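Each chain is listed here by its residues.
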Amino acid sequence: MFKLPIRRWPERSRMLLVMLAVLLPAAALIVVSIRQLRSIQREKAIEAVIQRDYQQVLAIAEKRIVDHAYDVVEDDKATFPEEPSAKNLKAFLTTHPDIAHVFVWSEKGKLVLESQPGRMSNPDFDQESMKLSSMVGGWFEGESSEFFVKLRKMAKTEGRPTLFESNWVLRGDKWEYQSLAIFVPRGSTAEQPELAGFVYDTDYLRDKFFPQILNAVCPYQRAGNSPESQAAMMVRTAKSPALLAASSAWDGGSAEVERKFESVFSGLILGMKFRGTTIATISNRFLRTEFLIVGALSLLLAVGMFFTYRSVTRELALAKLKSDFVSNVSHELRTPLALIRLYAETLELGRIASPAKQHEYHEIIRKESERLSGLINNILDFSRIEAGKKEYNFRETDVADLVRSTLESYRYEIEQNGFQFEQKIDDNLPQLRVDREAIARSLLNLVNNAVKYSATEKYLRVCLYRSNGSLNLEVVDHGIGIPDGEQPKIFEKFYRVGDPLVHNTKGSGLGLSLVRHIVRAHNGDVTVESTPGKGSKFVITLPVQEGQQQEASGASA
Ligand code: ADP
């Protein structure tokens, strides 16, 4: 039968693949966002949006200004004399100082135009009055019917029968703007049709009408708003960039967005800006915030990825160490068991006559079972530590005595293995509160390693001495040594150096991690100094308490 080979990706590649699957779209998203922000910046899209927004505000403001203009005219119309004689018009003007000129036109009586009597002493004003009279007379002579048609249409469609016309007058060297409101007066009949009008002068528009209405229509004027977020509006004539009138929040300069008045006040321009800021500043601030957010997100992503990668790598390494551990331990358990069984069976068969041989076999069985129980103790300790259930039984102990007796039971085996063994234990060492069994096991683990990892030169030295505020237990060998980069790792659980010399030696990778745990539980530490090919020195440091030091000095005295 034909079988498709199933390709299994190595763990690390699979993990990298998963990370790429997350990282690539996220990175793409960030790149796209940055590109988009760049293009927004380049094309000044935000400025355009704000300008569109301002234009809308201006359109609404214009509508309200126009409504107000109609209201003003309606108010003035309400008191307009029914009998439009020159006398009545003069009287009307005295009660309406905002109106510069007033006029009535009828087909029969032609045009009657009166100007503010108080201003007639000004020759310019007098001349202006005459010019206006001839201009308006001229309009109505030829086009009165058109005015009537337009006004009728406006009354029908909008309910506001007033026509506004613009007029420019030259005062000194300056062109000034006037607004003419033309309407059908109440006295007009079908037989005697009449047209009337008010002329609102620049002074009125500049000093009264626009300042009032601009303040009323300007948005964002609420009391709590900071001056920065206050909109300001102004009006100018199309003939000059100079200001005609402005709202109170106006802080000089020119408008950022402008809009021409269409029907009423044609020839004037309405402008707007924000106090204390510009559209470019608002847009830059917005873009800066967006860039910062994208930057912060990218950073978070990178940090997140880094930590994920690190923790997954660690988990993978641990998983590999665990699987190595299982095979190492099975091997370590099987070998002594096989030996014990072999020698026990041989002895049982009674074939070994020589007592010396019998003794040797018994010794092998004892040593192998000691090795087994050492290994099992290590595993049990390890599992207790992992489950957080490891308990220590601290008792006042003569550490020198403990070290001596532990080594004694091991000495024979060390020397049998051909080791030159030195033991140096200082006198008058203080007693310490330690867990006897745990400290003995730590020492055995270190000695055991020194024996296991010594290839050619078989040397072992154990020293116990005082150094400053601590008691140091030192185990030195002239064995294979540990490379610099590996030294911090050997205290991690399951870790074994990837050297072929180490792999040929049985081990579980638990010994040193236990030593470190035990020593730290005694508030001490374990360190290593090692040179590959030359040997290693492991030092267990146990702190001596204040009282114990005194006790020691008392003892030595
Ligand atoms: P094990 O000896 O069971 O492998 P340990 O935790 O006791 O586990 O040691 C971890 C690793 O440290 C060993 O696999 C070995 O590579 C290295 N090591 C420990 N002690 C020595 C030593 N005295 N000399 C050289 N290498 C050592």
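Residues numbered from 1 in each chain as written. Predicted model: local features only at pLDDT ≥ 70, side-chain atom pairs only at ≥ 80, totals over all residues. Heavy atoms only, no water.

Participant: Lay out the pairing of strand E1 (residues 99-106) in plain terms, naming residues and giving numbers.
Facilitator: The element E1 is largely enclosed, with a buried count of 8 among its 8 residues. Pairing analysis gives 7 bridges linking E1 to strand E5 (residues 194-200), with the strands arranged antiparallel. Residue pairing across strands places Trp105 opposite Leu195, the latter belonging to E5. Relative to strand E2 (residues 110-115), E1 runs antiparallel, the two sharing 6 bridges. Its bridge partner lying in E2, His101 is registered against Ser115. (Buried < 20%, exposed > 50% of the residue type's maximum accessible area, 1.4 Å probe, protein only. Helix = DSSP H or I, 4+ residues; strand = E, 2+ residues; numbered from the N terminus. Pairing = 2+ DSSP bridges.)

Participant: Describe the site of the ligand, naming the residues involved and giving the relevant values.
Facilitator: Neighbouring the ligand are 21 residues, the closest being Asn449, Tyr453, Arg496, Ser508 and Leu512. Gly511 has a polar backbone atom sitting 3.3 Å from an oxygen atom of the ligand. Within the backbone of Leu512, a nitrogen or oxygen atom sits 2.8 Å from an oxygen atom of the ligand. For the ligand, the protein covers 98% of the area, taking 520 Å² as the surface of the free molecule. In terms of residues, the shell around the ligand owes the most to one element, helix H9 (residues 436-452), which gives 3 residues. Here the residues of the shell around the ligand sort into 11 nonpolar, 7 polar and 3 charged. (Near = heavy atom within 4 Å. Polar contact = N/O pair within 3.5 Å; in protein donor to acceptor, adjacent residues only side chain to side chain. Areas by Shrake-Rupley, 256 points an atom, 1.4 Å probe, with all protein chains shown as cover. Nonpolar A, V, L, I, M, F, W, Y, C, P; charged D, E, K, R; others polar.)

Participant: Which residues make up the packing of helix H6 (residues 279-348) against helix H7 (residues 355-386), and what values do they have?
Facilitator: As a packed pair, H6 and H7 sit with axes 9 Å apart at the nearest point and diverge in direction by 155 degrees. Classed by the angle they form, the pair H6 and H7 counts as roughly antiparallel. In this structure, H6 meets H7 at a crossing whose hand is left-handed. Contact residues: H6 offers Phe325, Val329, Glu332, Leu333, Pro336, Leu337, Leu339, Ile340, Tyr343, Ala344, Thr346 and Leu347, while H7 offers Gln358, Tyr361, His362, Ile364, Ile365, Glu368, Ser369, Arg371, Leu372, Leu375, Ile376 and Ile379. (Axes fitted to C-alpha atoms, helices over the stretch in contact; angles between N-to-C directions. Parallel < 35°, antiparallel > 145°, perpendicular 65-115°, else oblique. Left-handed = near helix turned anticlockwise from the far one by under 90°. Contact = heavy atoms within 4.5 Å.)

Participant: Please give an account of the side chain of His101 that cites residues and values.
Facilitator: Note on placement: His101 falls in strand E1. What His101 contacts, discounting residues up to four positions off in sequence, is Leu93, Leu113, Glu114, Ser115, Phe125, Glu128, Ser129, Leu132, Gln178, Gly197, Phe198 and Val199.

Participant: Describe the pattern of salt bridges, with residues and values.
Facilitator: In a structure, side chains of opposite charge can pair up when their charged atoms sit close to one another. Counted according to the given criterion, the structure contains 32 salt bridges. The partner of Asp381 in a salt bridge is Arg384, with the nearest N and O atoms 3.2 Å apart. Of this pair, Asp381 and Arg384 both sit in helix H7, 3 residues apart, which is roughly one turn of the helix. You can call Arg384 partly exposed: its relative accessible area is 36%. Between Arg411 and Glu415 there is a salt bridge, with its nearest N and O atoms 3.5 Å apart. Of this pair, Arg411 and Glu415 both sit in helix H8 (residues 399-416), separated by 4 residues, roughly a single helical turn. Its relative accessible area of 23% is what places Arg411 among the partly exposed residues. With relative accessibility at 40%, the residue Glu415 sits in the partly exposed group. (Salt bridge = Lys/Arg side-chain N within 4 Å of Asp/Glu carboxyl O.)

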